[in-house]
Amino acid sequence: MDVLGAWRAFVNVSERGSFTEGAAATRVPQSVASRRIAGLERHLGERLFDRSSRGARLTPFGRDMLPSAKRLVRLADDMEYEAERARLNPLRFAVPDICAVRDLARLDAEARRNGIRLDFQTAAPADRVELVRSHLVRAALTAAPQGDAVWSVRLGLAGATGLLPGTVYVETLRAGRADRSSRRSRIWIQPEDDVPHIRDPLFRVRDAVGLQPAQVGVAATLTAAAAEVLGSTDLLLCSAKQAGELGLHWRPAGEIRPVRGFEVSAAARDDAERVRTRLRDAIARCLGADDREEGAPSSPRD
């Protein structure tokens, strides 16, 4: 027996004094309302209505039960309203500030199809961690080493010239004796990759092959790094997807295989699991994690 449905029918019939009108208010056929109330009477062991051709009148027992029934129905209605509000309440989600508007819009649309409403806040890696810790967002895509990452994005080196070899070796940026007076090409690390598991190995390679310290540096913004690369022979550490968006030619790095990894961090485990499972593929597309697995060379014309 649908106990809640039976009590709802009981309240509506009692308020209207008619099984026909009460059933209509309950949005069920009259026969269904009658069966539900009859089942309720059998369950309680007492009649709730005196049925006659003049309508449905409450019995003394029915009058005693009516206030509690109204409270139950009102509580059920309130719970449904709160559930709807909870479904519509956006999940505030911190994401990398490298995500394009189009990619975030597609992620949002996919999330809605999966019953999740997202409210994005873009931030740098360290800021996303702090936003979760301080409960200013409910979840965030946070940087993670490849072994701990749910999503991994292969990084390489990109430049404005289309004459880069198939693989770019960091050591080729080392200045020879004949050109010590000329400007040395640099590798720029964007803020999103200013994390130990990406930055530090690149610094170690820089030192091992004899580059000057200034030849590998962290840019203040992605825009600043891209401007340096577009106006020179400098290179940008980035994904193939980013290189295409910036009109740069991308190649894998020779000495290292840097990977930009992401995990979901959240104050509540349920939020993290919901994002991780329902939006796994959509987030991969947004981050470019479903690009060519082996990082095949790309150019603006690809």
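Just so it is clear, the structure is predicted and the values come from calculations on it, not from any experiment.

J.: Kindly report on the side chain of Asp-103, identifying the contributing residues and their values.
T.: Among the structural elements, Asp-103 can be located in helix α5 (residues 101-113). Of the residues examined, Asp-103 reaches a relative accessible area of 4% and is grouped as buried. Those residues in contact with Asp-103 that lie beyond four places of it in its chain are Lys-241, Glu-245 and Cys-286.

J.: Before we move on, could you go through the pattern of salt bridges and cite the residues and values that matter?
T.: Counted according to the given criterion, the structure contains 24 salt bridges. Residue Asp-103 is joined to Lys-241 by a salt bridge in which the shortest nitrogen-to-oxygen separation is 2.5 Å. Of this pair, Asp-103 sits in helix α5 while Lys-241 is found in helix α9 (residues 240-246), placing the two residues 138 residues apart along the sequence. Exposure class is identical for Asp-103 and Lys-241. Each is buried. Residues Arg-274 and Asp-271 are paired through a salt bridge, measuring 3.4 Å at the closest nitrogen-oxygen approach. Pair noted here: Arg-274 and Asp-271 are both in helix α10 (residues 269-278), with a separation of 3 residues, about one helical turn. The class of Arg-274 is partly exposed, set by a relative accessible area of 23%. Asp-271 gets classed as buried once you look at its relative accessible area, which sits at 10%.

J.: How would you sum up unusual backbone geometry? Please name residues and give values.
T.: A positive phi angle is found at Arg-27, which is not glycine, with a value near 65°. Checked against the element boundaries, Arg-27 lands in the loop between α2 (19-26) and α3 (30-44). Positive phi is not limited to glycine here, since His-135 has a value of about 60°. Inspection of the secondary structure assignment puts His-135 in the loop between α6 (125-133) and β5 (139-144). Classification of His-135 as exposed rests on a relative accessible area of 59%.

J.: Go over the pairing of strand β3 (residues 91-96) with me, naming the residues and quoting the values.
T.: The element β3 is largely enclosed, with a buried count of 5 among its 6 residues. This β-α-β element, β3 to α5 to strand β4 (residues 118-123), shows right-handed connectivity. In this structure, β3 lies alongside β5, joined through 2 bridges in parallel fashion. Looking at the pairing, Phe-93 lines up with Ala-139 of β5.

J.: Explain the confidence of the model for the chain to me, using residue names and the numbers behind them.
T.: The predicted model of the chain has a mean per-residue pLDDT of 88, with 91% of residues at 70 or higher. Confidence over residues 291-299 falls short of pLDDT 50; this stretch has 21 contacts with residues more than four positions distant or in other chains.

So, how was this worked out
- Residues numbered from 1 in each chain as written.
- Predicted model: local features only at pLDDT ≥ 70, side-chain atom pairs only at ≥ 80, totals over all residues.
- Heavy atoms only, no water.
- Helix = DSSP H or I, 4+ residues; strand = E, 2+ residues; numbered from the N terminus.
- Buried < 20%, exposed > 50% of the residue type's maximum accessible area, 1.4 Å probe, protein only.
- Contact = heavy atoms within 4.5 Å.
- Salt bridge = Lys/Arg side-chain N within 4 Å of Asp/Glu carboxyl O.
- Right-handed = clockwise from strand over helix to strand, strands pointing away.
- Pairing = 2+ DSSP bridges.
- pLDDT = per-residue confidence, 0-100.

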